[in-house]
Amino acid sequence: MTGRDRFHAIPGTYYVSECTSCGLWFQNPRPDANSIPDLYPLDYSPHQDPPASVLTDSDRWVLHHDFGYKHLAVAQTRPNAFRRWLGRWHANNDLQPRFVEGGLLVEIGSANGARLGRLRELGWMRLEGIEIAAAAAEEARHRGFTVHNAPVEEGIERYKDNSIDTIIASMLIEHLLNPFVVLERFAAKLKPGAELLFSTMVRDRIDARIWKTYWKSLELPRHMVWFRLDDVRRMLDRSFERVQIHHQAEPVDFTGSARLRAVEQKHVLDRVLMAIGDRALKYPVIALSLLGQTSRIVVRAVKR
């Protein structure tokens, strides 16, 4: 499969190869490690502030009772079963870590520190990050966080083995040249029983199958690998247990892919999805996520 940078127009044609042994897809040839920061322009969207999230009473109740945030004040009234389920669904889809009193949380790919700021508001005190983009790392430092401006492979080695209570990585591992090795290094740095929480995308779901080279999450040349669900499980087998996988519901993965293809080809499906829009697609996409058919996933695992 071939493709180009349809988001930031970095020149070149990029190629996706498949390992003849394990079936993993990877970018080939791969960029030189020193040139990887150049693939992330200043307007790279994950480095911008995400939309503000508001905790509902049900969200706060779930965080207090199910995720260890005992310090959060909650209403005395217990939410009904549906609202409790919805609160858990929101927490899992938002990469909400279980609270560790006095624990060290490290966000890999911390961007401008927006997530670290939200976690600080929820009571985390020891928060650090690793970020390859210098401008984003500097902005996070201005927010008051210790953020190492380095590639993940170098930044994680600043921590001692068995020293970290929680690692979070949002849409990061697909950007790594060798994610299997890096996840083993994460395991080495986590304490036994500590939590690894990350999101990524998998290519064996409905949106990837429909749009192929126009799939929004192909995102050449920044993505280096494209997993199947079994590849993700295989990465975790050696060092992690109690693995949970939650499929996220992001309508933009469908409408965004449709827009990319519509620039070059005319398909009825693309026109229909663009006309419907993200808001109207919200609940159909939630249904697909509950059926395990959306490509974005959140993975929660515990170090053995």
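In this report, we go over the structure that sits alongside the text. (Residues numbered from 1 in each chain as written. Predicted model: local features only at pLDDT ≥ 70, side-chain atom pairs only at ≥ 80, totals over all residues. Heavy atoms only, no water.)

### Concerning the side chain of Arg222
Selection rule: Only DSSP runs of H or I covering at least 4 residues are called helices, and only runs of E covering at least 2 are called strands; the numbering of each starts at the N terminus. Exposure categories follow from relative accessible area, calculated using a 1.4 Å probe and restricted to protein chains: below 20% of the type maximum is buried, above 50% is exposed, and the middle band is partly exposed. Any pair of N or O atoms that falls within 3.5 Å is considered a polar contact. Within protein, one atom must be able to donate a hydrogen and the other to accept it, and sequence-neighbouring residues count only if both atoms are side-chain atoms. Contact between two residues is taken to exist if any of their heavy atoms lie within 4.5 Å; hydrogens are not considered.
Along the chain, Arg222 turns up in the loop between helix H7 (206-211) and strand S9 (225-226). Overall, Arg222 belongs to the buried group, its relative accessible area being 0%. Within the structure, the side chain of Arg222 is placed 2.8 Å from the side chain of Asp5, a separation counted as a polar contact. Side-chain polar atoms of Arg222 contact the backbone oxygen of Leu39, separated by 3.1 Å. If near-sequence neighbours (up to four positions away) are discounted, Arg222 is found in contact with Asp5, Phe7, His8, Ile10, Leu39, Tyr40, Tyr44, Glu174 and His175.

### Details of the sheet that holds strand S3 (residues 25-27)
Worth spelling out the cut-off: In short, DSSP must find at least two bridges between two strands for them to pair.
Ordered by their spatial adjacency, four strands build an open sheet running S1-S2-S3-S9, and the pairing between neighbours is antiparallel. In the strand order of this sheet, the two ends are held by strand S1 (2-3) and S9, each with one partner. Both strand S2 (residues 14-18) and S3 contribute to a ladder of three bridges, which runs antiparallel. Each bridged residue has a counterpart across the sheet, and for Glu18 the counterpart in S3 is Trp25.

Shape is all these values report; function is a separate question.
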